[in-house]
Amino acid sequence: MRKPIEIRLMQGNEACAQAALDAGVRFFAGYPITPSTEIAEWMARELPALGGKFIQMEDEIASISAVIGASLTGAKAMTATSGPGFSLMQENIGYACMIEIPCLIVNVQRGGPSTGRPTAPAQGDVMQSRWGTHGDHPAIVITPWSVDETYYLTVKAVNLAERFRTPVILLLDEVIAHLREDVRKPDPRKLKLLERPRPSRDRNRFRPFGGALDEVPPIADIGMGYRCNYTGLVHDEAGHPSNSPEVTDQLIRRLVGKVEARREEIVHWEETFMEDAQVVVLAYGCSARSAMRAVKTARTQGLRAGMIRPTTLWPFPDKAVEKAAAMGLPVLVPEMNLGQIVLEVERLAAGRVPVKRLSRVDGQLFTPDEILAALKEGF
Amino acid sequence: MPSDIIRYFREEMLPHIWCPGCGNGIVLRDIAVALERLNLPRDKVVIVSGIGCSSRAATYLDFDTVHTTHGRALPFATGIKMAKPDLHVFVIMGDGDASAIGGNHLIHACRRNIDLTAIVFNNSIYGMTGGQYSPLTAMGKKATTAPYGMFEPSFDICRVAEASGATFVGRSTTYHNQLLIRLIVEGAENKGFSLIEAVTHCPTSYGRRNKLPAPSDMVRWQKENAVLINKIRDGAAQLKEGQFTIGVLHRHEATEFTEAYMEVVRRARKQ
Ligand SMILES: Cc1ncc(C[n+]2csc(CCOP(=O)(O)OP(=O)(O)O)c2C)c(N)n1
Ligand code: SF4
Ligand SMILES: [Mg+2]
């Protein structure tokens, strides 16, 4: 008999790949790149026997194209890459947003720009994951801080893509991707899995791009008989290209609106020691691991530090920062970039409380000591 | 003359966006006639296209249609075909779409021999963006980005496809449209990657600049310069400077990609 929870020692990339399979992903297209390659290798081995499809494409542009193509037929589909490949995918990530096709894109961040440092960790793609493709568009971006959480957030990412008919980006840190840790792996049959909304209406009344500004319209699989048109051009509710200002306005506002209106379903963060905190550290991914140690040490030394750890970077957990600012708490934001999420924190703090940035761009992790020192140094 | 192809069109999408005298409508009509002859289950046909004047053809057809991004129609189609091999996937591309920005995807789709039927609308120019040269623009011809004449050698896209592993390669023109229909039908029947080059005319962005101002001049040029491959093979004709062959230019047998993948599945399940 299968135990409800099985403890397994897994690498971050493996946990991500296995979680995607458990969440129902049955199509993978990718192009090898460090530090994400183990995900492709896992999929190449596991997918065929599950009746799924694996293909190594000629580049990352082809990979994201094939993923969107597969998803158009109704398959849960994903790719995995890193900085240079993520840059190549941007045009078609926008296409997936525009035609509202679910897919999962894993970007294991490495040092950039350009080839940068392929095996060194960095958190430099936070803004790219939000604004990498051109034009106004929705973005759902998730980032875990452990291998265990990588498993659960991958399942969540696949679900959100389906639920919202939109690409979801999982930002992994190189060190989490390559770390081996225990995973509390559930019985996959017990996971709550979501499917994209599918039509039940007759073909003539079906509006695959219709609905109010906060609506996720149903989508038919290719081959179901609905004979839809998908285009990256601005299109009306039926999918016909349009140059109408009203149609354009409605489409762009709905694409963004369907995600913004349901932030509560998406946004998640964890608060630790916030009840009596005097100062706060806001950190995510691998930096949050060092930050947590620093916060705990600070407390032993009489400084009542608290911590906010977003697992959703986009939409950003506005409320978490609002609350800290309302409580008058100074916020320290350690990031492995020259300041990306801190811009959101500054925007929300709006001058009410001091916000301090702490940056590392040398390919080394933060030590708890340097975060502790920054806390003690004051704001 | 087939009468019933209008049922394959989204009439609410008409009139089309093409210029008066453009050859794209002829190729689109020929595709519709070929689809009628093939008589495939309506809901199992998918039409994928890239970006360009020609790629808009997909949006007029009443099937599942996917108008993708510039140059990427083939990898999208690859994902569709691989995920659901029972679908009949047709891919519409322009000459720039297929041979420049999408050139790498083309050679790899050919190499895989995946069962797609690709139709390249070759008007020797970037029509949609107003007449810049493409890798299929012939030496010396004028384009807005080759105001002194094309100075780069061009591709023969059929030879590229053949060398890359396509199992069916054919070429015809908007003048030789009955042949074009037959090639599309045969290409679709081929279990593997088929490339059909449809030489078409763009009076607006090409003809005006290249001493063929009227659409009829361009069609006459096709008539005079296209030579049936069988006549060359039989020795009944010889290609003169500037002429090109039409007909079934190449075919060979090879394992189709999605079938090869089924073998992978069998091996994986044995382990
Ligand atoms: C990535 C990208 N680059 C450039 C363009 C602009 N563009 C649109 S169509 C086109 C060329 C079209 O030429 P072709 O493929 O021959 O098709 P035609 O219009 O002649 O049918 C270009 C360069 C684009 N849409 N996307
Ligand atoms: S620009 Fe050329 S290819 Fe485009 S519609 Fe006009 S005639 Fe046709
Ligand atoms: Mg062209």
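Owing to the predicted nature of the structure, the values given are computational and were not obtained by experimental measurement. Each chain carries its own residue numbering, running from 1 in the direction its sequence is written. Written order decides the labels, with chains lettered from A and ligands numbered from 1. Only residues with pLDDT of at least 70 are given local features in this predicted model, and only at 80 or more are side-chain atom pairs given and counted; all residues enter the totals for whole chains, interfaces and linings. Each side-chain value is worked out from all heavy atoms of the structure, with water and hydrogens disregarded.

For the rest of this paragraph, the subject is the site of ligand 2. In the vicinity of ligand 2, the residues found are B:W18, B:C19, B:C22, B:N24, B:C53, B:N123, B:G127, B:C202, B:P203, B:T204 and B:S205. Counted by class, the shell around ligand 2 contains six nonpolar, five polar and no charged residues. Any residue with a heavy atom positioned within 4 Å of a molecule or strand is treated as near that molecule or strand. By the convention adopted, Pro, Cys, Tyr, Trp, Phe, Met, Ile, Leu, Val and Ala count as nonpolar, Lys, Arg, Asp and Glu as charged, and the other residues, Gly among them, as polar.

Looking now at helix 5 (residues 103-112) of chain B. Residue and element names in this part refer to chain B. Remark: exposure states derive from per-residue accessible area (1.4 Å probe, protein chains only) relative to the maximum for the residue type, with buried under 20%, exposed over 50%, and partly exposed in between. Only DSSP runs of H or I covering at least 4 residues are called helices, and only runs of E covering at least 2 are called strands; the numbering of each starts at the N terminus. Judged by how many residues are buried, helix 5 sits mostly within the fold: seven of ten residues are covered. Taken residue by residue, helix 5 has G103, H105, L106, H108, A109, C110 and R112 as its buried positions. Among the residues trailing helix 5, N113 stands out with phi positive, at a value near 55°.

Residues and elements named next belong to chain A. Along the chain, the position of T119 falls in the loop between strand 5 (103-109) and helix 5 (126-131). Separated by 56 residues in the primary sequence, T119 and V175 have C-alpha atoms spaced 8.9 Å apart. Every residue pair with non-hydrogen atoms within 4.5 Å of one another is taken to be in contact. T119 has contacts with T34 and E174, leaving out every residue within four places of it along the chain.

With that settled, consider the site of ligand 1. Within the structure, ligand 1 sits among 17 residues, and B:C53, B:S54, B:D95, B:D97 and B:G127 are positioned closest to it. The environment of ligand 1 is shared, with nearby residues belonging to chains A and B. Whenever two N or O atoms come within 3.5 Å, that pair is a polar contact, provided that in protein one can donate a hydrogen and the other can accept it, and provided that, for residues adjacent in sequence, both atoms are side-chain atoms. Backbone polar atom of B:G127 to an oxygen atom of ligand 1: 2.9 Å apart, as the coordinates give it. Starting from 580 Å² of accessible surface for ligand 1 in isolation, the protein chains cover 76%. Residue composition of the shell around ligand 1, by class: six nonpolar, eight polar and three charged. Accessible surface area values rest on a Shrake-Rupley calculation with a 1.4 Å probe, where residue burial reflects the displayed protein chains alone.

Residue-level contacts link 38 residues of chain B with 40 residues of chain A. The buried area of a pairing is the accessible area, by a 1.4 Å probe, that goes missing from both parts when the two are put together, added over both. Of the roughly 3,200 Å² buried where chain B meets chain A, counting both sides, 58% is carbon and sulfur surface. We count a salt bridge whenever a side-chain nitrogen from Lys or Arg sits within 4 Å of a carboxyl oxygen from Asp or Glu. Linking B:D43 and A:R227 is a salt bridge whose minimum nitrogen-to-oxygen distance equals 3.6 Å. The interface formed by chain B and chain A includes 24 residue pairs in polar contact (both at pLDDT 80 or more). Broken down by element, the side of chain B that touches chain A gets its largest block of residues, seven residues, from helix 3 (residues 73-83) of chain B. When the residues that make up the side of chain B that touches chain A are grouped by side-chain class, the tally is 16 nonpolar, ten polar and twelve charged. When DSSP finds two or more bridges between two strands, those strands count as paired. Of the pairings in the sheet, the one linking strand 9 (residues 229-231) of chain A to strand 2 (residues 64-67) of chain B comprises three bridges and is parallel in character.

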